[in-house]
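Secondary and tertiary structure notes
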Amino acid sequence: MNYNQTLEFLFSSLVSYQEKGPEAYKPGLERITAFCKHLGNPQRNYFTIHVAGTNGKGSVSHMLASVLQQAGYRTGLYTSPHLRDFRERILVDGEMIPKQKVVNFVDKHYDCMKELGLSFFEMSTALAFDYFDQSDVEVAVIETGLGGRLDATNLIIPIVSVITNIGLDHMALLGDTLPKIAAEKAGIIKPNVPAIVGTRDADTDFVFIGRAKECGTTLEFASDNWNAERTPGNTYNLKNKQGITFDNLHPDLKGLYQRKNIPAVLETVLSLRAQGINISDQHIHDGIANTIRYTGLLGRWQELSRAPYTVCDTGHNIDGLTEIAAQLETCKYERLHFVMGMVNDKDVDSVLHILPKDAIYYFCKASIPRAMDEHVLAEKAAAHHLHGKTYPTVAEAYAAAKAAATPDDMIYIGGSTFVVAEVI
């Protein structure tokens, strides 16, 4: 099989959360443990950094990888989902895994994967572990897929565990309260492995404090330790309680929500330094300033056009879209055109409630089975005083927005990772 045939084979043969949603979720480490043993446990042959959280874990993972690359370490990066190409999930020094490596892995191990009943994510995780070992990776940044405690990535014993924040998402699988969700995320905290939580929250702090105590390890809240000031030019000045300062950090990730992610990155870097990972201040400046360049990260307040000002963002839950709505309020435009689609397994009403009422909406349906019908979405939106027209595809909705917008208007595309993927 060639690469495209291999991917088609995998998507049709192994259950994918990206395609099927909750029915594809296979919690537990038994299958991935058995498969990695079959592979020779490649995940044990390099240092790892484990990153979980409801929002921000992708940005934090990419910034950390970029900083490590600048520091001269051969760096692996495993994230999900992908936007354009499956290979975006598995990078070494910013380069995607070669297509032939994916083909060869499937050819060699498919019988075992099928016998063990692996999910698509479990297969992808094992492929990343194996490829990083083959590529002589020194440090790998590993992002959880969903949750933490029972996530396939939780097979690793990292040198630091990072949890960005906790929000209400995937409640059918992780729990219907913040403490329940936090308990799942806290499952990545390991005995004697330093733990970092990006954002303090009175509703969940006790969960992390208890887990760290149980594991006999240290716990730091980055939001407690760092004071971050942002200038209108998207430059950050940060200072921590020990007097360590980073002035004029200029991330190429432009979302205002990065003010929460950057302290988590810096706190993680301090932990890495304490463990002998050599990272200079200049490596931090260069890595954060060139995250997109060095890792290829897409879809985080990504500017597609200046006139009309056009932005897309993968924020798709209540916390993520609350940040988006706040940033939209800072933008200057005559009219806002909002291209929007969502998936069926989200709390749609809570999201619609906080979106701008004065926007012109273009309701659409991404081309995946989980996508919500555009007419259903429009009907739900109308109950929250959001109005616009419906379009059967993302492409048609985006084309209609571009046709209607003047150079002084703004177009925003979002609501779902899959909507952004089709635009990009």
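All of the points below concern the structure found in this document. On a predicted model such as this, the values are computed, not experimentally measured, just so you know. (Residues numbered from 1 in each chain as written. Predicted model: local features only at pLDDT ≥ 70, side-chain atom pairs only at ≥ 80, totals over all residues. Heavy atoms only, no water.)

1. Some details on the nonpolar core
Grouped together as the largest cluster of nonpolar side chains are 37 residues, with contacts concentrated most on Phe-35, Phe-86, Ile-90, Phe-105, Met-123, Leu-127 and Phe-132. Residue assignment for this core shows that the elements contributing at least two residues are helix 1 (3-13), helix 3 (30-39), strand 3 (90-92), helix 5 (99-116), helix 6 (120-134) and strand 5 (139-143). If near-sequence neighbours (up to four positions away) are discounted, Leu-127 is found in contact with Phe-86, Ile-90, Ile-97, Lys-101, Val-102 and Phe-105. In terms of nonpolar packing, the next biggest core, distinct from the first, is built from 36 residues, Val-60, Leu-249, Ala-264 and Ile-288 among them. (Core = buried A, V, L, I, M, F, W, Y, C linked by side-chain atoms within 4.5 Å. Buried < 20%, exposed > 50% of the residue type's maximum accessible area, 1.4 Å probe, protein only. Helix = DSSP H or I, 4+ residues; strand = E, 2+ residues; numbered from the N terminus. Contact = heavy atoms within 4.5 Å.)

2. Some details on the packing of helix 4 (residues 57-70) against helix 12 (residues 281-289)
Running from N to C, helix 4 and helix 12 point in directions that differ by 130°, and their axes come no closer than 8 Å. With respect to helix 12, the element helix 4 is oriented oblique. Crossing handedness for the pair helix 4 and helix 12: right-handed. Contact residues: Met-63, Ser-66, Val-67 and Gln-70 in helix 4; His-283, Ile-284, Asp-286, Gly-287 and Ile-288 in helix 12. Partitioning the contact of helix 4 with helix 12 into residue classes produces 4 nonpolar, 4 polar and 1 charged. (Axes fitted to C-alpha atoms, helices over the stretch in contact; angles between N-to-C directions. Parallel < 35°, antiparallel > 145°, perpendicular 65-115°, else oblique. Left-handed = near helix turned anticlockwise from the far one by under 90°. Nonpolar A, V, L, I, M, F, W, Y, C, P; charged D, E, K, R; others polar.)

3. Remarks on unusual backbone geometry
For the peptide bond that leads from Ser-80 to Pro-81, omega is -5°, which places it in the cis range. Inspection of the secondary structure puts Pro-81 in the loop between strand 2 (75-78) and strand 3. In this model, Ala-307 is joined to Pro-308 through a cis peptide bond whose omega is -5°. Looking at where Pro-308 falls in the secondary structure, it is placed in the loop between strand 12 (302-306) and strand 13 (309-312). The phi dihedral of Asn-248 is positive, around 60°, even though this residue is not glycine. Examined against the element boundaries, Asn-248 turns out to sit in strand 11 (residues 245-249). Even without being a glycine, His-385 presents a positive backbone phi close to 65°. Residue position: His-385 is located in the loop between helix 16 (374-382) and strand 16 (388-391). Owing to a relative accessible area of 54%, His-385 belongs among the exposed residues under this scheme.

4. Notes on the sheet that holds strand 11
Here we have 3 strands laid out as an open sheet, ordered 9-10-11, and antiparallel in their pairing. Edge positions in the sheet fall to strand 9 (226-230) and strand 11, since each of these pairs with one other strand and no more. Adjacent strand axes in the sheet meet at a mean angle of 10° when their direction is disregarded. (Pairing = 2+ DSSP bridges.)

5. Comments concerning helix 11 (residues 258-274)
In an α-helix, one turn spans 3.6 residues; hence positions three or four apart end up facing the same way. Under the 1.5 Å per step criterion, the end-to-end length of helix 11 is 24 Å for 17 residues, consistent within 8% with the ideal 24 Å. Within helix 11, 13 of the 17 residues are buried, leaving the element largely enclosed by the surrounding structure. In the segment just after helix 11, Gly-276 is the residue with positive phi, at about 95°. (Expected span 1.5 Å × (residues − 1).)

6. Quick look at the environment of Val-141
Tracing the chain through its elements places Val-141 in strand 5. Under the relative-accessibility criterion, Val-141 is labelled buried at 0%. It is 5.8 Å that separates the C-alpha atoms of Val-141 and Thr-48, two residues lying 93 residues apart in sequence. Ignoring sequence-local partners within four residues, the contact set of Val-141 consists of Ile-49, Val-51, Ser-61, Leu-64, Ala-65, Leu-68, Gly-76, Leu-77 and Tyr-78.

7. Some words on the sheet that holds strand 4 (residues 95-96)
Each strand in a sheet pairs with another by means of backbone hydrogen bonds, the pair being arranged parallel or else antiparallel. Spatially, 4-3-2-5-1-6-7-8 is the arrangement adopted by the 8 strands of the open sheet, whose pairing is mixed. The open sheet has two free edges, formed respectively by strand 4 and strand 8 (219-221), since each of these has just one partner strand.

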